[in-house]
Amino acid sequence: MKFDYIVVGAGSAGCAVASRLSENGRFTVALIEAGGRDTYPWIHIPIGYFRTMGNPKTDWCYQTEADLGLNGRAIKWPRGKVLGGSSSINGLLYVRGQQEDFNHWAQLGNRGWGWQDVLPYFRKSEHWQGEGHEDRGQGGPLNVAENQVERDVISVWIEAAVAAGYPRNSDYNAGDQEGVGHFQMTIKNGRRCSAAVAYLNPVRGRKTLAIFTKCMTLGLIMDGKTVTGIKARHKGRLIEIKANREVVLSAGAIGSPQILMTSGIGDPAELKQHGIAIIHQLDGVGKNLQDHLQARPVYKCTSGSINTDSRNPIKLVGMALEYALRRTGPMAMAASLGTGFLKSDPALDRPDIQFHIQPFSADNPADGPHRFSAFTASVLQLRPESTGHIKLTSASMDDYPEIHPNYLSTKTDCDTLVRGIKIARKICNTDPVKAMITAEFNPGPAIADDDDAAILDWARSHSTTIYHPTGTCKMGQDNMAVVDERLNVRGLRGIRVADASIMPMITSGNTNAPAIMIGEKAAAMMLEDAV
Ligand SMILES: Cc1cc2nc3c(=O)[nH]c(=O)nc-3n(C[C@H](O)[C@H](O)[C@H](O)COP(=O)(O)OP(=O)(O)OC[C@H]3O[C@@H](n4cnc5c(N)ncnc54)[C@H](O)[C@@H]3O)c2cc1C
């Protein structure tokens, strides 16, 4: 089998890359996905993330190694394994990040990645249904909607945040992120708009695009320093697929570095441990791992929570009917409804923490809700300094690598998260939300607000990922960079990486929209280079 381009991984970025490359009809494209088709109904019902996360039908079900920063805990790390990748199982929240994030990427030497350079690709990808603004896109494949699900505890939290002195922001994606408001969502008519729904469904009959599902990429085929194709296992059979032009790795922040390393591209010391022949030294592969860690303060409240509703069979039937008839109600709900991008210290020039306000609570979001009425005021640090790494456990793609996030390993990260938790408490101690709260369940009254060490210890013992791993094939010019600013793997020919792994620094917010933007920009650069 031979195609002009092979795209490995049909996730947020890969769907955009494959769809755009095959669009003009000049080039043939093979899109290779380890997971199956997105036929599982819960993928498409927004609340279904409770059924897709931790489910091997749709999730790789990774787990981290024991992390010192989490008081030695190992935590679950879901990643989508299905057409659409993580965009098929994510929380549907649409956040571009801050302009300064991308300007910083450009300052690091990545020409073409400043805010004004990437904005056209954010706009090209989206169809924004909310109020018009020159930075927002119209007519793109990815439907972005304003929140349609009202729960009083959310609007009351937003009012309390404003009363506590934080600004209101009706569109955090229109230039200035700072403030509190409702999340925007990748939802269309009450159904999930994953990257597969957005970019693949409309072009399923396209003759220049072949989609291989249940096709696990096992390694790259090399001719010297040129990548000429991939080896894969397709529905149990070993196959080789050749690329006339290029292979693009869009296998995500774990998959892309693992494919490079098992193919002999990485840190020689690490590859040798597993008997992998070294094809090309690139010490940064799998390093520079960044993620957002969320601390989850929980407040018992008098109304607005879906914890109790979701355990009441009569209310459940009502929710199902409301969704079936009108595509609204709790089943059409994204993972969080309210948000806030705030400064943990007023002296800062831009927000450094983000809130996810959820009308439910759980010890772990994947484990189902608490039995009492409560909401969660999750808080995270937007730009953590802590970096971790991915480490092979064998030369085989079938063996999961070790994941070492190395959370909360710098003082700035610890201090910022503690300040964020205190702001969560401050807002929840302000009316009108204060009047709805009956008790602080977590961290709980035993942890005093002036005891930073106890707050940090609680955060280490209870925080969890908010599912944003990035940076493991980072773009840049320094010795640890894996790709250059055109996403070519440095020192090799015929191979690029285009997914969340290329971020030199994690963006200030949820990472789906930036991953899709990276896919759009990668395809545009490849078409420019395809003379
Ligand atoms: C549970 C969860 C909730 C999240 N919530 C949000 C949210 O609300 N908002 C937001 O903005 N972001 C959210 N994110 C993060 C966001 O979805 C990801 O950052 C984004 O999808 C990453 O895109 P990607 O293209 O880098 O990788 P992915 O979308 O993960 O795609 C990688 C694809 O490659 C495939 N693959 C991997 N290895 C191989 C192989 N060897 N052969 C073939 N195929 C392979 C995978 O199966 C997958 O389909 C969430 C993520 C998760 C998991």
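This text follows the structure it describes.
All of the points below concern the structure found in this document.

Some remarks on the site of the ligand
Phase 1: Around the ligand, the surrounding shell holds 43 residues, and the nearest of these are Gly9, Gly11, Gly85, Gly91 and Gly255.
Phase 2: Taken together, the elements giving at least two residues each to the shell around the ligand come down to α1 (12-21), β12 (215-223), α7 (252-262) and α14 (512-529).
Phase 3: Broken down by class, the residue content of the shell around the ligand amounts to 20 nonpolar, 19 polar and 4 charged.

Section: α7
Phase 1: Among the 11 residues of α7, 11 are classified as buried, and the element is accordingly described as predominantly covered.
Phase 2: Within α7, burial applies to Gly252, Ala253, Ile254, Gly255, Ser256, Pro257, Gln258, Ile259, Leu260, Met261 and Thr262.
Phase 3: Glycine 264, located one to two residues past α7, shows a positive phi value of around 95°.

Re helix α4 (residues 115-125)
Since one α-helical turn is 3.6 residues long, residues separated by three or four positions face the same way.
Phase 1: Taken residue by residue, α4 has Trp115, Val118, Tyr121, Phe122 and Ser125 as its buried positions. Buried residues along α4 cover an arc of 125° about the axis, so they all sit on one side.
Phase 2: Summarising the contacts, the buried residues of α4 are in contact with α1, α3 (99-107), β5 (126-128), β6 (142-146) and α14.

Digging into the pairing of strand β18 (residues 298-301)
Phase 1: Here β18 runs beside strand β24 (residues 437-442); their pairing, made up of 4 bridges, is antiparallel. Paired with valine 298 across the strands is asparagine 442, a residue of β24.
Phase 2: Note: β18 against strand β21 (residues 374-381), 3 bridges, orientation antiparallel. Directly across from valine 298, in β21, lies its bridge partner threonine 376.

Describing the packing of helix α11 (residues 411-428) against helix α13 (residues 452-462)
Phase 1: At a minimum axis distance of 10 Å, the contact between α11 and α13 shows a crossing angle of 95°. The angle between the axes of α11 and α13 places the two elements in the roughly perpendicular class. Contacts between α11 and α13 involve Cys414, Leu417, Val418 and Ile421 from the former and Asp452, Ile455, Leu456 and Ala459 from the latter.
Phase 2: Residues that form the contact of α11 with α13 fall into these classes: 7 nonpolar, no polar and 1 charged.

A word on the sheet that holds β6
Phase 1: The mixed open sheet is built from 3 strands, whose spatial order is β5-β6-β8. The sheet is open, and its two borders are formed by β5 and β8 (184-185), each paired with just one other strand.
Phase 2: Pairing geometry for β5 and β6, over 3 bridges, is parallel. Within the sheet, the bridge partner assigned to tryptophan 128 lies in β6 and is valine 144.

Overview of the pairing of strand β1 (residues 2-8)
Phase 1: Counting buried positions over the 7 residues of β1 gives 5, a clear majority of the element.
Phase 2: Alignment of β1 against strand β14 (residues 237-249), held across 6 bridges, turns out to be parallel. Of the residues in β14, the one forming a bridge with lysine 2 is lysine 242.
Phase 3: In this view, the connection linking β1 to its parallel neighbour strand β2 (residues 29-32) by way of α1 has right-handed handedness.

Some points on unusual backbone geometry
Across residues other than glycine, the phi torsion is negative in most instances, and most of the peptide bonds are trans.
Phase 1: Of note, the amide linkage connecting aspartate 431 to proline 432 takes the cis form, showing an omega dihedral of 10°.
Phase 2: Tracing the sequence through the fold places proline 432 in the loop between α11 and α12 (433-436).
Phase 3: The step from asparagine 442 to proline 443 runs through a cis peptide bond, and the omega angle for that step is -5°.
Phase 4: Mapped onto the secondary structure, proline 443 falls in the loop between β24 and α13.
Phase 5: Non-glycine residue leucine 92 carries a positive phi angle of around 70°.
Phase 6: Structurally, leucine 92 can be placed in the loop between β4 (76-77) and α3.
Phase 7: Backbone geometry places asparagine 288, a non-glycine residue, at a positive phi of 60°.
Phase 8: The class for asparagine 288 is buried, based on 26 C-beta atoms found within 10 Å.

About the thresholds
- Residues numbered from 1 in each chain as written.
- Predicted model: local features only at pLDDT ≥ 70, side-chain atom pairs only at ≥ 80, totals over all residues.
- Near = placed C-beta within 6 Å.
- Helix = DSSP H or I, 4+ residues; strand = E, 2+ residues; numbered from the N terminus.
- Nonpolar A, V, L, I, M, F, W, Y, C, P; charged D, E, K, R; others polar.
- Buried ≥ 20, exposed ≤ 12 C-beta atoms within 10 Å, placed from the backbone.
- Arc of directions from axis to C-beta.
- Contact = placed C-beta atoms within 7 Å.
- Pairing = 2+ DSSP bridges.
- Axes fitted to C-alpha atoms, helices over the stretch in contact; angles between N-to-C directions.
- Parallel < 35°, antiparallel > 145°, perpendicular 65-115°, else oblique.
- Right-handed = clockwise from strand over helix to strand, strands pointing away.

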